[in-house]
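What follows is each chain in one-letter form.
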Amino acid sequence: MRVPARCLTLLLCLASAPALAAPAPAVVGERHGQTRSASAAVRDAAQHDGLRYTVWYPAAPGARERPITIGPPDAPLFNVGSAAVDAPIAPGALPTLLLSHGNGGSARMMGWFGIAMARAGYLVIAVDHPGNNGVEPMTLAGSILIWERAEDLKAALAAVQADPQLGAHVDAARLGVAGFSAGGFTALAAAGARVDMAHLLAFCRATPDDGVCQPQLEMPASTLQARIDAAATPALAPYMAQAGDDHGVPGVRAAFLMAPAIVQAFTPAQLRALPQPVSILLGEADAVAPPSTNGEVLAALAPQATLRALPGVGHYEFLAACTPLGSQRLAALCPPEAPQAAAHAAAIAQALQLFGQALAPVSSTPATR
């Protein structure tokens, strides 16, 4: 094919012109806060009613990041990323994401994801779910009252909206939710799916060897029978009666789930009724939250669900990356570097695609006819 001379000249000029510089990635700020949760005291080992949350956001120009780790400062176990703690926030309203960690995790454990989304222009609110995080002792109540995780996200969102420095930057009209493992369950509850514990119990009695029904690595004493017995106690019975209530967070427009677990706590009818886009990323080698009884079930039922499965990836690839010391001390939670890096990159890309479409600003300009 021949190219006209004028077109060839233009192409040569474009090829020799300096490339347009891509926008510099945002500097990320990090703030911590605490609010109250109605059920935190019954879930927390020390019966505290506080709910800790972490917020990541694009910081104002001039902020300087520092490395963020988990563990003792002189012996960190996980590398989270980098952020400017308590930096001023950049101007403007920001699309907002609620982020839920897995069983025994923490907000900071999911910082690799939250920081990446903040660098792309989102305000991200993550919590430490009481009685079910790695910062303090785990409790049976924290493992049983799983629907309260969605209430945690609701409470944290309200607290950030009321914050004098951050509140004006929350765009509640562009709200999404994301979660890993049990946090994937949380995302579904926050999106409006109602919990049916009888459905989950029937599943676990029929398939007791399923990874979701077995005691978890983070709390070996949490057997199915132990959870059943605890659920029947006077302390938890009033909360158990609220399991099937609506725990949705108003305004959630999309959900992103990494290695989702406890999907059997929702009936097929509830999953079919989800109105939002649901994007699922999981590992084909996941034995903790087996895809066949979790992510694949959801993908087959939710009307706007999409699923990507990563070969050779298990469950813990979606945690923060371990330091050499972390790999030595916590080998079970520290997968090989290459598949974990690939899983992180895939999660960030898939989430950006989902939320970039679902949380796009709604034009206020009247359509022309």
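Our subject is the structure listed above.
Residues numbered from 1 in each chain as written. Predicted model: local features only at pLDDT ≥ 70, side-chain atom pairs only at ≥ 80, totals over all residues. Heavy atoms only, no water.

Colleague: Can you help me understand the overall build of the protein chain in this one?
Modeller: What the protein chain contains, in helices and strands, is 13 helices and eleven strands. For 369 residues, the compact-globule estimate of 2.2 N^0.38 gives 21 Å, and the protein chain sits close to it at 22 Å. Its C-alpha atoms give the protein chain principal-axis dimensions of about 80 × 50 × 45 Å. Within the protein chain, contacts between residues separated by at least 24 positions form 78% of all contacts whose residues are at least 6 apart in sequence. As displayed, the protein chain has an accessible area near 16,400 Å², and 60% of this comes from carbon and sulfur atoms. Across the protein chain, the mean location of the 21 positive side-chain charges is 11 Å away from that of the 25 negative side-chain charges. (Helix = DSSP H or I, 4+ residues; strand = E, 2+ residues; numbered from the N terminus. Rg over C-alpha atoms; globule rule 2.2 N^0.38 Å. Contact = heavy atoms within 4.5 Å. Areas by Shrake-Rupley, 256 points an atom, 1.4 Å probe, with all protein chains shown as cover. Lys, Arg positive; Asp, Glu negative; His and termini not counted. Charge placed at Lys NZ, Arg CZ, Asp CG, Glu CD.)

Colleague: Explain the pattern of salt bridges to me, please; I cannot follow it from the model alone.
Modeller: When their charged atoms lie close together, side chains carrying opposite charge are able to pair. All chains considered together, the criterion is met by eight salt bridges. The salt bridge involving Arg-108 is made with Glu-30; its shortest N-O contact spans 2.5 Å. Of the two residues, Arg-108 is situated in the loop between β5 (94-100) and α3 (111-119) and Glu-30 in strand β1 (residues 28-36); the sequence distance between them amounts to 78 residues. One salt bridge in this structure joins Asp-152 and Arg-43, with 2.7 Å as the shortest N-O distance. (Salt bridge = Lys/Arg side-chain N within 4 Å of Asp/Glu carboxyl O.)

Colleague: Explain the state of the cysteines here, please?
Modeller: Disulfide: a covalent bond formed between the sulfur atoms of two cysteine residues. Counted by the stated rule, this structure contains two disulfides. Residue pairing for Cys-204: its cysteine sulfur links by disulfide to Cys-213, the two sulfurs lying 2.1 Å apart. Residues Cys-204 and Cys-213 are joined by a disulfide whose S-S torsion is about -80°; by sign, that bridge is left-handed. Here Cys-204 and Cys-213 have matching classes, each one buried. Across a sulfur-sulfur distance of 2.0 Å, Cys-322 and Cys-334 are joined as a disulfide pair. Judged by the sign of its S-S torsion, about -85°, the cystine formed by Cys-322 and Cys-334 is left-handed. A residue pair is termed long-range when its members are at least 10 positions apart, and Cys-322 in strand β11 (residues 321-322) and Cys-334 in the loop between α12 (324-329) and α13 (337-358) qualify at twelve residues. A relative accessible area of 16% means that Cys-322 is categorised as buried. (Disulfide = S-S within 2.5 Å. Buried < 20%, exposed > 50% of the residue type's maximum accessible area, 1.4 Å probe, protein only.)

Colleague: What's the story with unusual backbone geometry in this structure? I'm lost.
Modeller: Most peptide bonds take the trans configuration, and most residues that are not glycine carry a negative phi. Of note, Ser-181 is a non-glycine position whose phi angle comes to about 60°, a positive value. The phi dihedral of Ala-259 falls on the positive side, at around 45°, and the residue is not glycine. Position of Ala-259 relative to the elements: it lies in the loop between β8 (252-258) and α10 (268-272). Taking the relative accessible area as the measure of exposure, Ala-259 reaches 1% and is therefore buried.

Colleague: Would you mind showing me how to read the side chain of Ser-106 here?
Modeller: Locating Ser-106 in the fold gives a position in the loop between β5 and α3. The class for Ser-106 is buried, based on a relative accessible area of 7%. At a separation of 3.0 Å, a polar atom in the side chain of Ser-106 contacts the main-chain amide nitrogen of Met-109. Discounting chain neighbours no more than four positions away, the residues touching Ser-106 are Ile-70, His-101, Val-127, Asp-128 and Val-135. (Polar contact = N/O pair within 3.5 Å; in protein donor to acceptor, adjacent residues only side chain to side chain.)

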